[in-house]
Amino acid sequence: MAAIDIANCTVTMDAPLSGFNVWTIVTPATADDGDTIDISSIIDPTKIVAASCQAETDGWLPVAAISTAGALTIPGSTDNEARTIYVMARNA
């Protein structure tokens, strides 16, 4: 397990929904299952509604572990693979 710096990810806020924003976070190709990303600089972790992760090997998986401090744990069973993570959060 390693910490991935959010600056090493591609982050996009998709079209905002009424009362919500959806963020897309693409990890580097070196991301491993169990790695963490501190997302607190872009998303208030107390306002997260849902998060899912998509990767070529594991397909779609829910992100079950996001700490109240904002550490998102990458799910799956694969090492060295880019992931696309979608996070829906309430607006501040």
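Residues numbered from 1 in each chain as written. Predicted model: local features only at pLDDT ≥ 70, side-chain atom pairs only at ≥ 80, totals over all residues. Heavy atoms only, no water.

J.: Could you clarify how one ought to interpret the side chain of Thr 24 in this entry?
T.: Its place among the elements puts Thr 24 in strand β3 (residues 20–26). There is a polar contact of 2.6 Å between the side chain of Thr 24 and the side chain of Asp 14. (Helix = DSSP H or I, 4+ residues; strand = E, 2+ residues; numbered from the N terminus. Polar contact = N/O pair within 3.5 Å; in protein donor to acceptor, adjacent residues only side chain to side chain.)

J.: Any chance you could explain the sheet that holds strand β6 (residues 59–62) here in plain terms?
T.: Backbone-to-backbone hydrogen bonds join strands into a sheet, with any given pair of strands oriented parallel or antiparallel. The antiparallel open sheet is built from five strands, whose spatial order is β2-β3-β8-β5-β6. The open sheet terminates on both sides in strands that have one partner only, identified here as β2 (10–13) and β6. Strand-to-strand, the axes of this sheet are offset by a mean angle of 20 degrees, without reference to chain direction. Where β2 meets β3, four bridges bridge the pair, whose relative direction is antiparallel. What sits directly across from Met 13, in β3, is Trp 23. (Pairing = 2+ DSSP bridges. Axes fitted to C-alpha atoms, helices over the stretch in contact; angles between N-to-C directions.)

J.: Sorry, what's going on with the sheet that holds strand β7 (residues 71–73) here?
T.: Across the sheet, three strands lie side by side as β1-β4-β7; this open sheet has mixed pairing. The sheet is open, and its two edges are formed by β1 (3–4) and β7, each paired on a single side. Sheet topology places strand β4 (residues 36–38) next to β7; three bridges connect them, and they run antiparallel. Its bridge partner being in β7, Asp 38 is matched across the sheet by Ala 71.

J.: Explain the pairing of β6 here, please?
T.: Residues in a regular strand point their side chains to alternate faces of the sheet. Direction of pairing for strand β5 (residues 48–55) relative to β6: antiparallel, over a ladder of four bridges. Paired with Ala 55 across the two strands is Gly 59, which belongs to β6. Hairpin geometry of β5 and β6 is characterised by an intervening segment of three residues between the two adjacent antiparallel strands.

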